[in-house]
Amino acid sequence: MFTIIKTVHVLCAIISISGFLYRGYLKLTQPAALSKKWLKISPHIIDTILLASGLVMLFQLQYYPNQYNWMAIKLIMVVVYILLGIVTLRFARNKTQTFAAFIAALLCYTYIILIATNKSAWPFA
Ligand code: HEM
């Protein structure tokens, strides 16, 4: 069962970043296309499954953020990634702001993957 949940989690992580790359690209090249309904709804579904599967594993493995600093930092970085995503797709006022927030979100995402795979939030924990 754990293997299934972990596979779902990793698959959702891949779908989530692929969707974000696509929407970021659209925002920079043809922002009007972002108003399509499926582009607005599907990320919420994927991200909810990503969060739920992560929470289930967190409790199963007892990786409580107050005991495992890398998990605490991973969760903080997930929040930062979500906020940078909102800035990229909604609040950025011009292409420079969109691009800067987009790159920052992608760097953040890369760091989350490194934390998840190494179980270490170097250089912080
Ligand atoms: C952008 C969001 C996220 C990404 C990209 C992500 C990515 C990953 C990846 C790639 C793994 C597999 C690591 C490996 O074993 O090699 C993983 C495992 C895990 N993730 Fe996430 N994750 C995200 C969000 C979350 C959240 C929100 C939680 C908790 C609420 C969470 C909890 C976990 C746990 C407990 C594991 C299992 C680690 C293990 O097998 O020992 N993740 N995550």
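Everything numeric in this text was worked out from a predicted model, so none of it was measured.

A. Expanded view of the overall build of the chain. Within the chain, the secondary structure is distributed over four helices and zero strands. Going from N to C terminus, the chain has its helices and strands arranged as α-α-α-α. The C-alpha radius of gyration of the chain comes to 15 Å, within 12% of the 14 Å expected for a compact globule of 125 residues. Oriented by its inertia axes, the alpha-carbon framework of the chain measures out at about 45 × 30 × 20 Å. Here the analysis covers contacts within the chain between residues at least 6 apart in sequence; of these, 73% occur between residues at least 24 apart.

B. Quick look at the site of the ligand. Taken together, 19 residues are adjacent to the ligand, and Ala-13, Gly-54, Met-57, Ala-116 and Thr-117 come closest. If you list the elements that add at least two residues to the shell around the ligand, you get helix H1 (2–29), helix H2 (37–61), helix H3 (69–91) and helix H4 (95–118). At seven residues, H2 tops the list of elements feeding residues into the shell around the ligand.

C. Highlighting the packing of H1 against H2. In the contact formed by H1 and H2, the axes pass within 9 Å of each other and the chain directions differ by 145 degrees. Judged by the twist between their axes, the crossing of H1 over H2 is left-handed. Seen from H1, the contacting residues are Phe-2, Ile-5, Lys-6, Val-8, His-9, Cys-12, Ala-13, Ile-15, Ser-16, Gly-19 and Arg-23; seen from H2, they are Leu-39, Ser-42, Pro-43, Ile-46, Asp-47, Ile-49, Leu-50, Ser-53, Gly-54, Val-56, Met-57 and Gln-60. Across the contact of H1 with H2, the residue classes break down as 13 nonpolar, seven polar and three charged.

D. Looking closely at H2. Under the 1.5 Å per step criterion, the end-to-end length of H2 is 37 Å for 25 residues, consistent within 8% with the ideal 36 Å. Restricting attention to buried positions, one finds in H2 the residues Leu-50, Ser-53 and Gly-54. A positive phi of about 55 degrees marks Gln-62, the residue just after H2.

Basis of the calculations
Sequence order sets the numbering: in each chain, residues are counted from 1 along the sequence as written. Local features in this predicted model are restricted to residues of pLDDT 70 or higher, and side-chain atom pairs are both shown and tallied only at a pLDDT of 80 or more, whereas totals for entire chains, interfaces and linings draw on every residue. Numbering of helices and strands runs from the N terminus; a helix is a DSSP stretch of H or I covering at least four residues, while a strand is a stretch of E covering at least two. As a reference, a globule follows 2.2 Å times the number of residues to the power 0.38, and the radius of gyration itself is taken over C-alpha atoms. What counts as a contact is two residues whose backbone-derived C-beta atoms lie within 7 Å of each other. Any residue whose C-beta atom, as set from the backbone, lies within 6 Å of a molecule or strand is reported as near that molecule or strand. Axis lines are fitted to C-alpha atoms, over the contacting stretch for helices. Their N-to-C directions set the angle, which ranges from 0 to 180 degrees. In a left-handed crossing the near helix is turned counterclockwise from the far helix by less than a right angle, and in a right-handed crossing that turn is clockwise. Under the scheme applied, nonpolar residues are Ala, Val, Leu, Ile, Met, Phe, Trp, Tyr, Cys and Pro; charged residues are Asp, Glu, Lys and Arg; polar residues are all the others, including Gly. How far a helix is expected to stretch is found by multiplying one less than its residue total by 1.5 Å. Field definition: a residue is buried when 20 or more other C-beta atoms are found within 10 Å of its C-beta, exposed when 12 or fewer are, and partly exposed for counts in between, with C-beta atoms placed from the backbone.

Keep in mind these numbers describe shape, not what the thing actually does.
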